[in-house]
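# Descriptive analysis of the structure
Residue strings, one per chain:
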Amino acid sequence: MLTRNRTPSKYVYYGLHLYFSGLSLRKASERLSQIYKRNHVSIWNWIQKYKPQKLKSTRRRVLEYIIDETMLKVGSEFVWLWVATEPDRKQANSRTVYL
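Structure report, in brief. (Residues numbered from 1 in each chain as written. Predicted model: local features only at pLDDT ≥ 70, side-chain atom pairs only at ≥ 80, totals over all residues. Heavy atoms only, no water.)

### Examining the packing of aromatic side chains
Aromatic ring pairs: the centre-centre distance and the angle between the two ring planes describe each pair. Tallied over the entire structure, the rule returns three aromatic pairs. Ring geometry for Y11 versus Y36: centroids 4.5 Å apart, planes at 15 degrees, classification stacked. With Y11 in helix α1 (residues 9-20) and Y36 in the loop between α2 (25-33) and α3 (40-50), the pair connects residues that are 25 residues apart, well separated along the chain. What makes Y11 buried here is its relative accessible area of 18%. When the centroid spacing of 6.0 Å and the interplanar angle of 20 degrees are considered together, the rings of W80 and W82 count as stacked. In this structure W80 comes out as partly exposed when scored by relative accessible area, which is 26%. (Phe/Tyr/Trp six-rings, centres within 6.5 Å; stacked < 30°, edge-to-face > 60°. Helix = DSSP H or I, 4+ residues; strand = E, 2+ residues; numbered from the N terminus. Buried < 20%, exposed > 50% of the residue type's maximum accessible area, 1.4 Å probe, protein only.)

Okay, structure coming up:
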């Protein structure tokens, strides 16, 4: 007769935390397996059983944006700087690439 091996709740919570932190089921199970051996199906079953709610995302669709780029000389290196601005909200996001 087989006996059921129940997972302690602290490992269930940790597995769910890993998954909802952005890892895939397989990656979350790999991390969890370093301390307590469980596979990705176990984490999927926990999600189905406990039905944890994700926090609402404040993502919204960006319909239009303006991009500007320039090359700067910083010391002896050249650096590309890109700036993207949303015309409606006037918020800028920048990205720098070192050459």
